[in-house]
Amino acid sequence: MRKMLAVVAMLLLAVGSASAQGGGGGGGGGGRGTPEQAAQRLMDGLFKDITLSDAQKAKATEIISKAREATMGMDRQAADFREKMTEANNKRNADLKGILTSDADKAKFDENVKNMPTGRRGGGL
């Protein structure tokens, strides 16, 4: 009986550890979901309260996809990783803002950028 309890405890510990590391749920990406889901969350945040045409949505999706591809090869352990990622995100945001036509939408976009979460899990791809 003690052996069985010990095995069960070890299994629970292993499952809990995997869940804490983002190994469970979300469809991959460390618990962030698929790249498409991450891109949609980014669009939802950046274009909150901004109505995009179908052409603008398509262009925004293309910009986000290209930005994600550009950052995939970055060495996350490099000393300058944070600066490179910030630079890539700033370029992506400038490109996204460039598809907007009205000054009101551009101002709202800037506000949305400021309100995006920052740090390790936010604003990135």
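Scroll up for the structure.
Presented here is an overview of the structure given in this document. (Residues numbered from 1 in each chain as written. Predicted model: local features only at pLDDT ≥ 70, side-chain atom pairs only at ≥ 80, totals over all residues. Heavy atoms only, no water.)

Topic: the packing of aromatic side chains
According to the stated counting rule, one finds 1 aromatic pair in the structure shown. Geometrically, the ring pair formed by Phe47 and Phe109 is tilted, given 5.4 Å between the ring centres and 45 degrees between the ring planes. In this pair, Phe47 is assigned in the loop between helix H2 (35-46) and helix H3 (54-72) and Phe109 in helix H5 (residues 103-115), connecting sequence segments 62 residues apart. (Phe/Tyr/Trp six-rings, centres within 6.5 Å; stacked < 30°, edge-to-face > 60°. Helix = DSSP H or I, 4+ residues; strand = E, 2+ residues; numbered from the N terminus.)

Some words on unusual backbone geometry
For residues that are not glycine, phi is negative in most cases, and the peptide bond is trans in most cases. The backbone of Asp49 shows a phi angle near 65 degrees, a positive value even though the residue is not glycine. Among the secondary structure elements, Asp49 is positioned in the loop between H2 and H3. A residue is classified by how much of its surface remains accessible, and Asp49, at 62% relative accessible area, is exposed. (Buried < 20%, exposed > 50% of the residue type's maximum accessible area, 1.4 Å probe, protein only.)

Quick look at H2
The end-to-end C-alpha distance of H2, which contains 12 residues, comes to 16 Å, matching closely the 16 Å that a straight helix rising 1.5 Å per residue would cover. Close packing links the buried residues of H2 with H3, helix H4 (81-97) and H5. (Expected span 1.5 Å × (residues − 1). Contact = heavy atoms within 4.5 Å.)

Digging into H3
The terminal C-alpha atoms of H3 lie 27 Å apart, and with 19 residues this matches the ideal 27 Å at 1.5 Å per residue to within 8%. Of all the residues in H3, the buried ones are Gln56, Ala60, Ile63, Ile64, Ala67, Arg68 and Thr71. Summarising the axial view, the buried residues of H3 lie within an arc of 135 degrees, below the 170-degree limit, and thus occupy one face. Residues of H3 that are exposed and angled more than 90 degrees away from the buried face: Asp54, Ala55, Lys66, Glu69 and Met72. Against the buried residues of H3 lie H2 and H4. (Arc of directions from axis to C-beta.)

A word on the pattern of salt bridges
If you walk through the whole model with that rule in mind, you get 7 salt bridges. With its nearest N and O atoms 3.6 Å apart, the salt bridge here joins Asp49 to Lys108. One end of the pair, Asp49, is in the loop between H2 and H3; the other, Lys108, is in helix H5, and 59 residues separate them in sequence. Ionic pairing is found between Asp80 and Lys84, a salt bridge with its closest N-O pair at 3.5 Å. (Salt bridge = Lys/Arg side-chain N within 4 Å of Asp/Glu carboxyl O.)

Describing the packing of H4 against H5
Packing of H4 against H5 brings their axes to within 10 Å, and their N-to-C directions diverge by 155 degrees. Our classification of the angle between H4 and H5 gives roughly antiparallel. Relative to H5, H4 is oriented so that their crossing is right-handed. Touching Asn93, Leu96 and Lys97 of H4 are Lys106, Phe109, Asp110 and Val113, all from H5. The class makeup of the residues in the contact of H4 with H5 is 3 nonpolar, 1 polar and 3 charged. (Axes fitted to C-alpha atoms, helices over the stretch in contact; angles between N-to-C directions. Parallel < 35°, antiparallel > 145°, perpendicular 65-115°, else oblique. Left-handed = near helix turned anticlockwise from the far one by under 90°. Nonpolar A, V, L, I, M, F, W, Y, C, P; charged D, E, K, R; others polar.)

Notes on the environment of Lys59
Here Lys59 lies in helix H3. By relative accessible area, Lys59 is classed as partly exposed at 38%. Sequence separation of Lys59 and Leu96 is 37 residues, and the distance between their C-alpha atoms is 8.2 Å.

Comments concerning the side chain of Asn112
When you line up the elements, Asn112 lands in helix H5. Among the polar contacts made by the side chain of Asn112, one reaches the main-chain carbonyl oxygen of Leu46 at a distance of 3.0 Å. In this structure, Asn112 is in contact with Gly45, Leu46, Phe47, Lys48 and Ile50, ignoring residues within four places of it in sequence. (Polar contact = N/O pair within 3.5 Å; in protein donor to acceptor, adjacent residues only side chain to side chain.)

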